[in-house]
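Chains, contacts and geometry: an overview
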Amino acid sequence: MIKPISSDLPTPQFDIRAPGRVNLLGEHVDYNDGIVLPAAIDRYVHLQASQNADDVVELTALDLGQKTSFPLENLKAENLPDWARYPAGVAWAAMQRGLKVSGIRAVFTSTVPIGAGLSSSAAVEVAFGALWNELNGWGMSRLELARLCQQAENQFVGVNCGLMDQFASACGVEGHALMFDTRSLEYEPVPLPPGSALVIADSGVRRSLAGSVYNQRRADCEEAVRILRNFLPGIGSLRDVGVEDFNQLAHHLPEQVRLHARHVVEEIDRVQKAVEWLKQGNGKAFGQLMYEGHASLRDLYQVSIPELDILVEIASRLPGCFGARLTGAGFGGCTVNLVEEEAAQTFVQGLAQEYTSRTGKRAEIYICHASEGVSLQKGQ
Ligand code: GLA
């Protein structure tokens, strides 16, 4: 028996949990064919649903105290509240592929904070994707499901994101980060360094304008490729541009495009080195690259904010911290910290106190665990 989360749906047919994620390294490279290192975390979207008799989707977002319903025919994002665009987008993307999508009554709640860079929207998409995959017998693998959800976000919601977030929520492996090559779509779980803990520090600052700035950054990367192709014919993306080639050719790029593209080229290189350290279990060397990654997001890609810089700076002085950086798209949200397990509790307290005394703001800081990807349970 499934224990219902809302009296709106006392006997749900399906119960689904889809996790949020942190990214350890490889930021803003997933739409440049790079390698990323996310981990699913123990914060979830929890969805319960039953099939409806007609082709209508009835949704309740328990945390927001909001309901909406819409027919599956003729779906348009602008007719829906923001939060309903993610489930609707998944249905839309599936129907684009000619897949059957049934009407449902669904209720959901989430422990993934919204707009904090921990992929709350991907978790919603993956939860609904997993539901319809089961209900309508699509037979999709987890990776295919992630791609469908990415299409929903790109084409229905209008954020031109890469595949990392949906991938992590769908394919997470307990205790592991996932080394995910966004070009070949191959992935390998890599254990976190022995004796280390993952600490998330939420600056409390929520993203604003993230969608549009994000899309602009992506457009800059594409422009860099267009220009560099004059000198390096045959490149498909910034993944194909080595650091040395970039150094020689960078002066051909307009200033902002140059800074942004430099971040991507160097970050792709950094992840390749970092993966080796991770495989050797060397938290210290890996952490050093996290700090470098943060500096690059701050100075070159320009997606950090003072609160995130302060969190990283404080963390770097606390005992037992291997590395710290902003995680996710930036513009607010969280840092991820790799910390010696034994020092983790003291680290959490020290970081919280100093952050408040420096900024007057309160950070929510917690130790998190790398977790399984989406899971589904059927009722009787
Ligand atoms: C957001 C996007 C991801 C990725 C990150 C930055 O989370 O959804 O695809 O691009 O930003 O690394």
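Look above for the structure.
Described in the following lines is the structure provided in the data block. (Residues numbered from 1 in each chain as written. Predicted model: local features only at pLDDT ≥ 70, side-chain atom pairs only at ≥ 80, totals over all residues. Heavy atoms only, no water.)

**Overview of the packing of helix α2 (residues 120–135) against helix α4 (residues 164–171)**
Axis angle and axis distance: for two packed helices, these are the angle between their axes and the distance between the axes, and together they describe the pair. Here is the rule: In this analysis an axis means a line fitted to C-alpha atoms, helices contributing only their contacting stretch, and an angle means the value between N-to-C directions, from 0 to 180 degrees. Numbering goes from the N terminus for both helices and strands, where a helix is a DSSP run of H or I of at least four residues and a strand is a run of E of at least two. Any angle from 65 to 115 degrees is called roughly perpendicular, while one under 35 is roughly parallel, one over 145 is roughly antiparallel, and all others are oblique. Helix crossings fall into two classes, left-handed where the near helix is turned counterclockwise from the far one by less than a right angle and right-handed where it is turned clockwise. Working rule for contacts: check all heavy atoms of both residues, and any pair within 4.5 Å makes them a contact. Put simply, Ala, Val, Leu, Ile, Met, Phe, Trp, Tyr, Cys and Pro go in the nonpolar bin, Asp, Glu, Lys and Arg in the charged bin, and everything else, Gly too, in the polar bin.
Two elements in contact, α2 and α4, have axes separated by 9 Å at closest approach and are oriented at 55°. In terms of orientation, α2 and α4 fall into the oblique class. Along this stretch, α2 crosses α4, giving a crossing that reads as right-handed. Along the contact surface, α2 presents Ala122, Ala123, Glu125 and Val126, while α4 presents Asp165, Gln166, Ser169 and Ala170. Of the residues assigned to the contact of α2 with α4, the class counts are four nonpolar, two polar and two charged.

**Focus on helix α10 (residues 344–359)**
Note the threshold: Expected helix span is computed as 1.5 Å times (number of residues minus one). We call a residue buried when its accessible area falls under 20% of the maximum for its residue type, exposed when it is over 50%, and partly exposed in between, using a 1.4 Å probe and counting protein chains only.
With 16 residues, α10 should cover 22 Å at 1.5 Å per step; its first-to-last C-alpha distance of 22 Å lies within 8% of that length. Within the span of α10, buried status applies to Ala344, Phe347, Val348, Gly350, Leu351 and Tyr355. Residues of α10 that are buried sit in contact with β9 (196–202), α9 (306–317), β10 (321–327), β11 (334–340) and β12 (364–368). Downstream of α10 by one or two residues, Gly360 has phi in the positive range, about 75°.

**With respect to the layout of surface pockets**
Here is the rule we go by: The definitions used throughout rest on a 1 Å grid laid over the protein atoms alone, on which a cavity is an enclosed set of points accommodating a 1.4 Å probe that cannot get out and a pocket is an open set flanked by protein within 12 Å on both sides along at least five of seven lines; lining residues are those having an atom within 4 Å of a point. Grid points are joined across faces, edges and corners, and a volume is the space filled by probe spheres set on the points.
Approximately 1,000 Å³ is the volume found for the largest pocket. Taken together, 43 residues make up the lining of the largest pocket; nearest its centre are Tyr86, Ser120, Ser121, Glu153 and Arg207. Looking at the lining of the largest pocket, the elements with two or more residues in it are α1 (85–96), β6 (104–110), α2, α3 (142–157), α4 and α5 (210–228). With four residues, the top contributor of residues to the lining of the largest pocket is α2. In terms of residue class, the lining of the largest pocket is built from 20 nonpolar, 13 polar and 10 charged. Forming the walls of the second largest pocket are 19 residues, and the residues nearest its centre are Asp30, Tyr31, Asn32, Asp33 and Arg218.

**Regarding the packing of α9 against α10**
Taken N-terminus to C-terminus, the directions of α9 and α10 make an angle of 135°; their axes are 10 Å apart at the nearest point. Relative to α10, α9 is oriented oblique. Considering how the two elements wind past one another, α9 and α10 form a crossing that is right-handed. Residues Glu307, Ile310, Leu311, Glu313, Ile314, Ala315 and Arg317 of α9 form the contact with α10, whose participating residues are Phe347, Leu351, Glu354, Tyr355, Arg358 and Thr359. Within the contact of α9 with α10, the residues separate by chemical class into seven nonpolar, one polar and five charged.

**A few points about the site of the ligand**
The condition that has to hold: Any residue with a heavy atom lying within 4 Å of a molecule or strand is counted as near it. Within 3.5 Å is the distance limit for a polar contact, defined as a pair of N or O atoms, with the added protein rule that one can donate a hydrogen and the other accept it, and that residues adjacent in sequence qualify only through two side-chain atoms. Residue exposure ignores everything except the shown protein chains as possible cover, and the areas themselves are Shrake-Rupley values with a 1.4 Å probe. Think of it this way: a molecule belongs to a cavity or pocket when more than half its atoms come within 2 Å of the grid points there.
With respect to spatial proximity, the complete set of residues near the ligand consists of Arg21, Glu27, His28, Asp30, Tyr31, Cys161, Gly162, Met164, Asp165, Tyr214, Gly328 and Ala329. Within the contact set of the ligand, an oxygen atom lies 2.7 Å away from a backbone nitrogen or oxygen of His28. A distance of 2.9 Å separates an oxygen atom of the ligand from a polar backbone atom of Gly162. Coverage of the ligand by the protein chains reaches 94% of its 310 Å² of free accessible surface. Cavity membership is defined here by more than half of the atoms lying within 2 Å of grid points; on that basis the ligand lies in the largest pocket. Looking at the shell around the ligand residue by residue, the class counts come to five nonpolar, three polar and four charged.

**Considerations on the sheet that holds β6**
Sheet strands associate in pairs through backbone hydrogen bonding, adopting either a parallel or an antiparallel arrangement. Where we set the bar: Strand pairing follows a simple DSSP-based rule, namely that at least 2 bridges must link the two strands.
Read from one edge to the other, the open sheet built from six strands follows the order β5-β4-β6-β3-β1-β13, with strand pairing classed as mixed. Strand pairing shows two members of the sheet lacking a second neighbour, β5 (66–71) and β13 (375–378), which therefore form its edges. The average angle at which neighbouring strand axes cross in this sheet is 20°, direction not considered. The sheet contact formed by strand β4 (residues 56–61) and β5 spans six bridges and is antiparallel. Its bridge partner lying in β5, Glu58 is registered against Ser69. Strands in contact with α2 are β1 (14–23), β3 (38–51), β4, β6 and β13; relative to β1, the strand with the most contacts, it is inclined by about 145°. Strands β1 and β3 of the sheet are contacted by α4, whose axis makes an angle of about 130° with β1.

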